[in-house]
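Each chain, letter by letter, is given below.
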Amino acid sequence: MESVNPLFDLLRRFASTMAREFDVNDVLYELGDGAMGILDAAGAGVSVVNDAGELVFITSTSQLVVDIERVQTADQQGPCVEAFRSGDVVPVSDIRTLDQWPRYKEAAARHGLSSVVGLPLILDDHRIGSLNVYDTNVREWTDAELASAWVLADMATAYLVHAGELAEARKLTEQLQYALDSRIVIEQAKGMLSRDHSIPVDEAFRLLRMFARSHNLGLRDVARRVVEAELQIPLPDGF
């Protein structure tokens, strides 16, 4: 029976994916995708905390937000950083009106991004990172939208902290470092698929994820096999 509530459908899919043994990268990518869908937004980015206590950009749903996320974590300034530090949601209806974060504002203008909301990934004493969701339109983020997105963010955070033996802070740190290290091989695989199939990078990423999901494999493992020429992913019909 089909649910009338998109959030319920999304949480069911998210929980099903994460209930089995999972790759931390898959959790973070699902988080970005899910929040973007709930808020009907243009893109999302996830950053996680490193050993120095700073946020490091780890993934995005599209190339549209890569530049602005890297500017934010390079400067350690922006809504994602503020959400992480405060533990509160940081909504911005019009980035152009901000009095602070000049490089962040410039990056937003460059890519046509007009509004953003930063959501913390925090559970009890575990500060994991932050999620940013962007739109190309100026918009007021409603309380209902923000509450729904925060539910998804809390769910992802809880899985990362509590799943299996990951409740130990040391092991959680190792998992987050693993995600940071994985970014390089995933970016390489995206580039190779983009080149081999003459498709945009975003489409290459979608192809990579589709293959991983359909074969119940971790995203990093599939990316590694592509980079090491152990695996060739064909374009499916109608892609």
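Keep in mind that what you see is a predicted model, and the values were worked out from it rather than measured. (Residues numbered from 1 in each chain as written. Predicted model: local features only at pLDDT ≥ 70, side-chain atom pairs only at ≥ 80, totals over all residues. Heavy atoms only, no water.)

(A) View of helix α3 (residues 66–75). If you check which residues of α3 are buried, you get V66, I68, E69, V71, Q72 and T73. Its buried side turned inward, α3 meets β1 (43–49), β2 (55–60), α4 (79–86), α5 (102–110) and β5 (126–135). Immediately downstream of α3, the backbone of Q76 shows phi near 55°, a positive value. (Buried < 20%, exposed > 50% of the residue type's maximum accessible area, 1.4 Å probe, protein only. Helix = DSSP H or I, 4+ residues; strand = E, 2+ residues; numbered from the N terminus. Contact = heavy atoms within 4.5 Å.)

(B) Main features of the pattern of salt bridges. Enumeration over the complete set of coordinates arrives at 14 salt bridges. In this structure, the salt-bridge partner of R110 is D67, at a minimum N-O distance of 2.6 Å. Of this pair, R110 sits in helix α5 while D67 is found in helix α3, placing the two residues 43 residues apart along the sequence. Judged by its relative accessible area of 26%, D67 is partly exposed. E145 is the partner of R139 in a salt bridge, and the nearest nitrogen-oxygen pair spans 2.9 Å. One network of salt bridges, in which partners are shared, links D221, R224, R225, E228 and E230. (Salt bridge = Lys/Arg side-chain N within 4 Å of Asp/Glu carboxyl O.)

(C) Focus on the layout of surface pockets. One number sums up the size of the second largest pocket: a volume of about 200 Å³. By residue number, the principal contributor to the lining of the second largest pocket is helix α8 (residues 201–214), which donates 7 residues. When grouped by side-chain class, the residues that make up the lining of the second largest pocket number 3 nonpolar, 1 polar and 6 charged. (1 Å grid on protein atoms, 1.4 Å probe; cavity = no way out; pocket = protein on both sides within 12 Å on 5 of 7 lines; lining within 4 Å. Points joined across faces, edges and corners; volume = space filled by probe spheres on them. Nonpolar A, V, L, I, M, F, W, Y, C, P; charged D, E, K, R; others polar.)

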